[in-house]
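One-letter residues, chain by chain:
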Amino acid sequence: MPEPRWPVRRQQAGGVLQALVQADINEAVATATTPDIRLIVALAAVHAARPKMIRTMQLDDVDLGNRRITVDGHVRPLDDLTCRAVLDWLDYRRSRWPNTANPHLLITQKTAVELGPAGKLWTTRATRNLTATLERLRVDRQLEEALTHGADPLHLALVFGIDEKTAIRYADSARALLEQTAEHSPSPSGKELGPD
């Protein structure tokens, strides 16, 4: 069985958010075989964008020159992976629908001749039947940030533009997972630490 990135399982346990195992993340990445799906997965897994946010993003939300992206009104740095996915998608979009006036970043055959966003089912199709759905990738990204940056709710709110209650929930889950890890870590003598 694959090792989790943190000693946790897939579902919430007692209200504590749980990290995905690497095999589930790899499976989601393996579905990203087209420019649109690569961008969708990157937006969820790197920028913690909800599926609705992804569908409604506008071309103006991407500032390639300044390497910034706006996700749900929150400006973030544009990392290399997402930048490459955006560039690949824009090349594909330009060659496939050169005359579209649709202002949305992601468009389909149907929406290329309209002005509305892509549909929910189109956006979520690649990961729909996987453990690592877009929503789980989003949650996992925020939890990973909490685990690697000291479970600080203020940091999470600043990075993702989330409200304080959500940031506190992720920080609390990260603390619980880190405590669980410490309790089950072997001591220098080789014995597990924790309650007798």
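The structure under discussion appears in the preceding block.
Since the model is a prediction, treat every value here as computed from it, not as a measurement. (Residues numbered from 1 in each chain as written. Predicted model: local features only at pLDDT ≥ 70, side-chain atom pairs only at ≥ 80, totals over all residues. Heavy atoms only, no water.)

Visitor: Please provide a residue-by-residue account of the overall build of the chain, values included.
Guide: Within the chain, the secondary structure is distributed over 8 helices and 3 strands. In the chain, the order of α-helices and β-strands from amino to carboxyl end is α-α-α-β-β-β-α-α-α-α-α. For the chain, the proportion of its 196 residues judged to be buried stands at 43%. Within the chain, contacts between residues at least 6 apart in sequence are counted, and of these 53% link residues at least 24 apart. (Helix = DSSP H or I, 4+ residues; strand = E, 2+ residues; numbered from the N terminus. Buried < 20%, exposed > 50% of the residue type's maximum accessible area, 1.4 Å probe, protein only. Contact = heavy atoms within 4.5 Å.)

Visitor: So what's going on with helix α4 (residues 80-96)? Residues and values would help.
Guide: Over its 17 residues, α4 extends 24 Å from the first C-alpha to the last, a length consistent with the 24 Å expected when each residue adds 1.5 Å. Within α4 the residues assigned to the buried category are T82, C83, A85, V86, W89, L90 and R93. Down the axis of α4, the smallest arc covering the buried residues is 160°, so these residues share one side. Those residues of α4 that are exposed and angled more than 90 degrees off the buried face are D80, L81 and S95. Looking at the buried positions of α4, the neighbouring elements they touch are α2 (35-47), β1 (62-63) and β2 (68-71). For α4, the N-terminal cap is D79; the gap from its side-chain oxygen to the backbone nitrogen of L81 is 3.2 Å. (Expected span 1.5 Å × (residues − 1). Arc of directions from axis to C-beta. Polar contact = N/O pair within 3.5 Å; in protein donor to acceptor, adjacent residues only side chain to side chain.)

Visitor: How would you summarise α2 if you had to cite specific residues and measurements?
Guide: Over its 13 residues, α2 extends 17 Å from the first C-alpha to the last, a length consistent with the 18 Å expected when each residue adds 1.5 Å. Buried residues dominate α2, accounting for 11 of its 13 residues. Those residues of α2 that sit buried are P35, D36, I37, L39, I40, V41, A42, L43, A44, V46 and H47. Downstream of α2 by a residue or two, A48 has a phi angle that is positive, lying close to 55°.

Visitor: Residue-level account of the layout of surface pockets, with values.
Guide: With a probe scaled to a water molecule rolled over the atoms, the places where space remains empty come into view. The volume enclosed by the largest pocket comes to roughly 230 Å³. Of all the elements in the fold, those that place two or more residues in the lining of the largest pocket are α1 (22-31), α2 and α4. Counting residues per element, the lining of the largest pocket draws most heavily on α2, which supplies 5 residues. Each residue belonging to the lining of the largest pocket can be placed in one class, and the counts come to 10 nonpolar, no polar and 3 charged. (1 Å grid on protein atoms, 1.4 Å probe; cavity = no way out; pocket = protein on both sides within 12 Å on 5 of 7 lines; lining within 4 Å. Points joined across faces, edges and corners; volume = space filled by probe spheres on them. Nonpolar A, V, L, I, M, F, W, Y, C, P; charged D, E, K, R; others polar.)

Visitor: Provide a residue-level description of the pattern of salt bridges, including the pertinent values.
Guide: Scanning all chains against the criterion turns up 10 salt bridges. Between D88 and R84 there is a salt bridge, and its shortest N-O distance comes to 3.0 Å. Here D88 pairs with R84, and both are found in helix α4, just 4 residues apart, close to one helical turn. Relative accessible area serves as the criterion here: at 45%, R84 is assigned to the partly exposed category. Overlapping salt bridges bring together R50, E135 and R138 as one network. (Salt bridge = Lys/Arg side-chain N within 4 Å of Asp/Glu carboxyl O.)

Visitor: Any chance you could break down the sheet that holds strand β3 (residues 74-77) for me, citing the residues and the numbers?
Guide: On the basis of which strands lie adjacent, the open sheet formed by 3 strands has the order β1-β2-β3 and antiparallel pairing. Edge positions in the sheet fall to β1 and β3, since each has one partner strand and no second. (Pairing = 2+ DSSP bridges.)

Visitor: I'd like a rundown of unusual backbone geometry, residues and numbers included.
Guide: The backbone of R67 shows a phi angle near 50°, a positive value even though the residue is not glycine. Here R67 shows up in the loop between β1 and β2. A positive phi angle, near 55°, is found at D72, a position not held by glycine. If you trace the backbone, D72 turns up in the loop between β2 and β3. When its relative accessible area of 59% is taken as the criterion, D72 is described as exposed.

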